[in-house]
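Architecture and fold: a report
What follows is the residue order along each chain.
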Amino acid sequence: MSDLVAALSLPFFQRAIAAGLLVALGSGLIGVFVVQRRLSFLGDGLAHAAFGGMGIGAFAIVTSGLLGSGMALLNNPIWIAVPFSAIVAVIIYLMRSRTDLSSDTAIGVAFAVSVALGVMFFSLIPPDTNLGLSLMDLLFGSILGVRRIDLTVMLVVVGLASVIMLATWGALAYATFDEELARSDGVKTGALELTLYVVAAVVVSVSAVVVGVILMAAYLVIPAATARLAARTLAQMTVLSVLFGGLATVAGLLLSFVLDVPSGATIVLVQAALFVPAALFARR
Amino acid sequence: MHAHGVTVQFGDATVLQDVSLDLEAGCFLAIVGPNGSGKSTLVRVLLGLVQPLKGHAALFGEDAGAFPERIGYVPQLKTFDRTFPATALELVVTGLRRSWPGRISPAEHRAARAALGRVGAGDLERRPLARLSGGELQRAYLARALVREPDLVLLDEPATGVDYLAEHDLYSLLERYQEERVTGGRPATVVMVTHDLAVARFHADRVLVLNRRVMGFGPPSTVLDDDAVRAAFGHHRHDHSVAP
């Protein structure tokens, strides 16, 4: 117990909890619609788009001479990863809405191209370059290594995304329930879907740096799926999705500290530990 | 309701061609025709969901889609997501606020409960939509349409998947709604897509026989003769007479 109290007093651990709760908030609000619209693959696709954007961003920083310039805010590939992921989200939306391709096919194409671009650009960076983040951190996350500047960026981005999600919640929910009915009532369903994709891309990009590209999709899907099993209404599902994500974050971080195991993986396993009983006791 | 020369194409396929009609307020119009005749597309044009290639459609003197709050739409039941966590009460409240309710106000609750009671579905209030039968769902959707006291009720094949009694109740409810509106001095129009020619004959006061183009439009007694039905449905011989 004293170990846990000691952990909670450590600044890096406090930053980790704050970052994890921000990821849980953003992905919890978005995940409800991802799950209800059967877009579970979207989280994976956008996280890998962030990987591609990080590769391009890291290459741009190294070749532009910004690396080591002392401009901490600019010296971060996230500034390329966020707009790159947003553009990928728009491309996925356009492929889905203007062709006969299904969502998972459109996401699959974007996913593959983004990873290829990421690998390509990371390979162009000299191996002895100190970027301040490793490829392993990017893939598996480094929540305990979150800096104050990262937290500030996340606070702004996730805060803005949450405001947008809450402001559009009623219309998005209506369009998710029955697109034609919503359109007949004047709801701009296409614009809402595009907004959902872009907001998801931005939140996933900043969050993927914290929890890792590979585990990001879990944050977007598992808490919302658990909430779906426990909720009778979409409003309940939304609240529970954020709560389950937050609970798994705090519990996972504390467990990983005590057991000395990777934090990201522990958080996802705690999410699964909440999901399993919900699935076992769910009524149809 | 006014439509003039409405032509709709999806790709190379002409779904509606030069469809024109005028309908005065307070009528009950049944739109009949074979599968693929453009019945549902015409409804979607009237809702402003599909833009015609040529011609135009107007409701209440303005372009179709201008006044969604004056229309109570009952879509085909297959269009909604059955896995969506929702209660019948929430569905009805969408008819009041035209978005999904996060929290339902006491005034909305009272209005939605009254609308469910009006269609004989007061006991469905807290029931999840996923657990409703076809007939119960149809009542919930009708309550959603009527809760906003619409000037036009648009129904797209509302009898699909419901039993005879539920179907009969639906027509009674619609006729009662029209009577109430006439009594209140604000007549309401009903437009319903149906496959059932007998329903069109006995419940509608205007019938539109459609097969991509208008094959007949007018009172059922003059439109639903065997020749018109044969022309619309493409049968050389029809086994079932539509005569009363």
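Throughout, a residue's number is its position along its own chain's written sequence, starting from 1. The naming scheme follows written order: chains are lettered A onward, ligands numbered 1 onward. Two thresholds apply to this predicted model, a pLDDT of at least 70 for residue-level local features and 80 or more for giving and counting side-chain atom pairs, whereas whole-chain, interface and lining totals are computed over all residues.

**Quick notes on the sheet that holds strand 1 (residues 2–10) of chain B**
All names here are of chain B. Pairing between strands is defined by DSSP: at least two bridges between them are needed. In this text, helices come from DSSP runs of H or I with a minimum length of four residues, and strands from runs of E with a minimum of two, each type numbered from the N-terminal end. As summarised here, the arrangement of the four strands in space is 2-1-4-5, forming an open sheet in which the pairing is antiparallel. Of all the strands in the sheet, just strand 2 (13–22) and strand 5 (62–63) have a single pairing partner and so form its edges. Set on the sheet, helix 1 (residues 39–46) makes contact with strand 1, strand 2 and strand 4 (54–59); between it and strand 2 the angle comes to about 60°. Placing C-beta atoms from the backbone, we regard two residues as in contact once those atoms come within 7 Å. Here an axis means a line fitted to C-alpha atoms, over the contact stretch when the element is a helix, while the angle between two N-to-C directions is reported on a 0 to 180 degree scale.

**A short note on the interface of chain B and chain A**
Listed as interface residues are 20 residues of chain B and, on the opposing side, 22 residues of chain A. Of the residues belonging to the side of chain B that touches chain A, the class tally is 11 nonpolar, five polar and four charged. Ten residue types, Ala, Val, Leu, Ile, Met, Phe, Trp, Tyr, Cys and Pro, are classed as nonpolar, four, Asp, Glu, Lys and Arg, as charged, and the remainder, Gly among them, as polar.

**Regarding the packing of helix 10 (residues 213–230) of chain A against helix 12 (residues 263–280) of chain A**
All names here are of chain A. Between helix 10 and helix 12, whose axes approach to 9 Å, the crossing angle comes to 20°. When the axis of helix 10 is compared with that of helix 12, the two are roughly parallel. You can see that helix 10 and helix 12 cross each other, and the crossing is left-handed. Every residue of helix 12 that contacts helix 10 at L215, A218, I222, P223, A225, T226, L229 and A230 is listed here: G264, V268, Q271, A272, L274, F275, A278 and A279. Its residues placed into classes, the contact of helix 10 with helix 12 shows 13 nonpolar, three polar and no charged. Each angle receives one of four descriptions, namely roughly parallel if under 35 degrees, roughly antiparallel if over 145, roughly perpendicular if within 65 to 115, and oblique otherwise. Handedness of a helix crossing follows the sense of rotation of the near helix relative to the far helix, less than a right angle counterclockwise being left-handed and clockwise being right-handed.

**So, the sheet that holds strand 7 (residues 152–156) of chain B**
All names here are of chain B. Judged by pairing direction, the sheet is mixed, and its six strands sit side by side in the order 6-7-8-3-9-10 without closing on themselves. At either margin of the open sheet sits one strand with a lone partner, and together these are strand 6 (71–74) and strand 10 (213–218). Ignoring which end each strand starts from, the neighbouring axes of this sheet average 15° apart. Where strand 3 (residues 28–32) lies against strand 9 (residues 206–211), four bridges are found, and the strand directions are parallel. From the neighbouring strand, V32 faces strand 9, where its bridge partner is V209. Against the sheet, helix 1 engages strand 3, strand 7, strand 8 (189–193) and strand 9, with an angle of about 150° to strand 7.

**A word on the nonpolar core**
The term nonpolar core refers to a group of buried residues, namely Ala, Val, Leu, Ile, Met, Phe, Trp, Tyr and Cys, whose C-beta atoms join them within 7 Å. To sort residues by burial, count the other C-beta atoms lying within 10 Å of each one's C-beta; a count of 20 or more means buried, 12 or fewer means exposed, and anything in between means partly exposed. C-beta atoms are built from the backbone. If you look at the biggest cluster of nonpolar residues, it comprises 174 residues, and the most contacted ones within it are A200(A), A201(A) and V92(B). Top contributing element to this core by residue count: helix 9 (residues 189–211) of chain A, with 15 residues. Among residues more than four places away in sequence, those in contact with V92(B) are A112(B), A115(B), L116(B), A140(B), A143(B), R144(B) and V147(B).

**A few points about the pairing of strand 1 of chain B**
Residue and element names in this part refer to chain B. With six bridges joining them, strand 1 and strand 2 adopt antiparallel strand pairing. Paired with F10 across the two strands is A13, which belongs to strand 2. Turn length for the strand 1-strand 2 hairpin, with the two strands adjacent in sequence and antiparallel, is two residues, and the turn residue G11 shows positive phi of about 65°.

Everything listed is a geometric property; what it means functionally is a separate question.
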